[in-house]
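# Coordinate inspection notes
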Amino acid sequence: MTSSDAVAPDATAEPNVIVITGGGRGIGAATARRLAADAVDTGTRIHLVVNYTSDERSAQAVVDEATSPDGLVTAGAVGADISAEADVTRLFAAADETGRLTGLVNNAGIVQPIGPFVDLDPARLERTWAVNITGAFLCAREAVRRMSTASGGAGGSIVNVSSRAASFGSPNEFIDYAASKGAVDTMTVGLAAEVAARGIRVNAVRPGLIDTDIHADAGYPDRVTALGGNVPMGRGGTAAEVANLIAWLLSDEASYVTGALMDIGGGR
Ligand code: NAP
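Let us look at the structure shown here. These figures come from a predicted structure and were not determined experimentally.

### Re the packing of helix 4 (residues 122–147) against helix 6 (residues 175–195)
- Two elements in contact, helix 4 and helix 6, have axes whose closest approach is 9 Å; the angle formed by their N-to-C orientations is 15 degrees. By the angle between their axes, helix 4 is roughly parallel relative to helix 6. At the point where helix 4 passes helix 6, the crossing takes the right-handed sense. Residues Arg124, Leu125, Thr128, Trp129, Asn132, Ile133, Ala136, Phe137, Ala140 and Val144 of helix 4 pack against Asp176, Tyr177, Ala179, Ser180, Lys181, Ala183, Val184, Met187, Leu191 and Val195 of helix 6.
- Here the residues of the contact of helix 4 with helix 6 are counted per class, giving 14 nonpolar, three polar and three charged.

This is the structure:
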């Protein structure tokens with residue numbers, strides 16, 4: 001990675017560690033790229049923990065791309081299923097090995113196949129809640145434990161990746177998914193207030209229709225192409241566009257922003 005505007009780097013400084021759950025693909029991967037580019041531009045030493053659960057190859061590719069030859073940006077891939085507490089503990093323990101945690105991109109999430117509400121079964125519901133709610137809560141908990149100025153942390157920023165679905169409810173598609181993102185929104189507002197005086201900001205981004213692999217998991221791989229025309233801007237968004245907002249919320253430019261649910265949906 002190179003930048004003509006790069007500030008003289010200090011590769012010996014202790015890095016600010018940022019954990020990105022689900023960082024190997026889609027919005028998480030785009031965020032890793034954006035954060036790495038910003039760090040090079042500003043001469044800031046960071047370490048990116050790129051979490052994945054099944055696709056190690058993609059996560060390692062993101063790590064390789066993000067890592068800068070001057071040592072300013074380092075990165076490592078860590079496999080962990082965020083729905084399992086032991087995995088979350090191991091993920092954050094791995095982060096502890098690399099420096100001081102100052103950022104969490106609480107991004108990993110799933111959808112399951114599109115279908116009618118009347119066909120929902122408990123196993124599906126439990127999996128949706130386990131990853132999208134329990135996983136997000138556990139990761140936020142681990143981040144707060146480390147960042148809180150009340151317990152010796154340096155403060156930090158948590159960005160939860162919610163969805164416009166939380167407002168729309170996703171009728172005829174995946175109401176369970178939409179509801180899980182509603183829980184993420186509620187956690188964002190409550191946790192932001194709880195930890196505001198401990199140096200931690202907590203915000204959510206709520207993307208609309210974004211071009212990633214997640215739609216294939218819903219059984220509708222060309223969903224963005226098919227539905228993009230219904231968006232006021234006439235298209236789906238890109239993962240990089242969402243990453244821009246996440247990076248801003250992580251940065252000091254957003255120093256007075258907390259408890260915000262920020263829509264990024266092309267006008268919808
Ligand atoms: P994606 O391309 O399918 O990526 C999902 C990522 O989450 C993958 O890296 C995956 O890991 C990871 N993941 C899934 N389950 C996990 C688990 N149990 N533990 C750890 N990691 C797990 O999807 P995306 O579109 O970038 O989605 C990212 C976030 O944006 C999700 O929370 C999603 O709900 C939200 N979102 C997306 C859209 C959209 O239209 N794309 C809209 C609104 C909100 P592997 O790579 O190892 O499989």
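From this point on, the discussion continues.
### Here we look at the site of the ligand
- The ligand sits among 31 residues. The nearest are Arg25, Ser54, Asn107, Tyr177 and Thr212.
- Histidine 215 places a polar side-chain atom, nitrogen or oxygen, 3.2 Å from an oxygen atom of the ligand.
- Summarising the interface, the protein chains cover 96% of the accessible area of the ligand, which totals 900 Å² for the free molecule.
- Where the shell around the ligand is concerned, the elements lending two or more residues are helix 1 (26–42), strand 2 (46–52), helix 4, helix 6 and helix 7 (214–217).
- Of the residues contributing to the shell around the ligand, the split by class is 13 nonpolar, twelve polar and six charged.

### Considering unusual backbone geometry
- Positive phi, normally seen in glycine, also occurs at serine 170, with a value near 50 degrees.
- With a phi angle near 65 degrees, asparagine 172 is a residue other than glycine that sits in the positive phi range.
- Turning to its location among the elements, asparagine 172 is positioned in the loop between helix 5 (165–168) and helix 6.
- Judged by relative accessible area, asparagine 172 falls into the exposed class, the value being 69%.

### Considerations on the packing of aromatic side chains
- Overall, the coordinates contain one aromatic pair when judged by the stated rule.
- Ring centres of phenylalanine 174 and tyrosine 177 lie 5.3 Å apart, and the angle between their planes is 75 degrees; on these two criteria the pair is classed as edge-to-face. In this structure, phenylalanine 174 and tyrosine 177 share a single accessibility class: buried.
- Residue placement shows arginine 268 over the ring face of phenylalanine 168; its charged tip is 4.4 Å from the ring centre.

The rules behind these values
Residues numbered from 1 in each chain as written. Predicted model: local features only at pLDDT ≥ 70, side-chain atom pairs only at ≥ 80, totals over all residues. Heavy atoms only, no water. Axes fitted to C-alpha atoms, helices over the stretch in contact; angles between N-to-C directions. Helix = DSSP H or I, 4+ residues; strand = E, 2+ residues; numbered from the N terminus. Parallel < 35°, antiparallel > 145°, perpendicular 65-115°, else oblique. Left-handed = near helix turned anticlockwise from the far one by under 90°. Contact = heavy atoms within 4.5 Å. Nonpolar A, V, L, I, M, F, W, Y, C, P; charged D, E, K, R; others polar. Near = heavy atom within 4 Å. Polar contact = N/O pair within 3.5 Å; in protein donor to acceptor, adjacent residues only side chain to side chain. Areas by Shrake-Rupley, 256 points an atom, 1.4 Å probe, with all protein chains shown as cover. Buried < 20%, exposed > 50% of the residue type's maximum accessible area, 1.4 Å probe, protein only. Phe/Tyr/Trp six-rings, centres within 6.5 Å; stacked < 30°, edge-to-face > 60°. Lys NZ or Arg CZ within 6 Å of the ring centre and 35° of its normal.

Distances and angles like these do not, on their own, reveal function.
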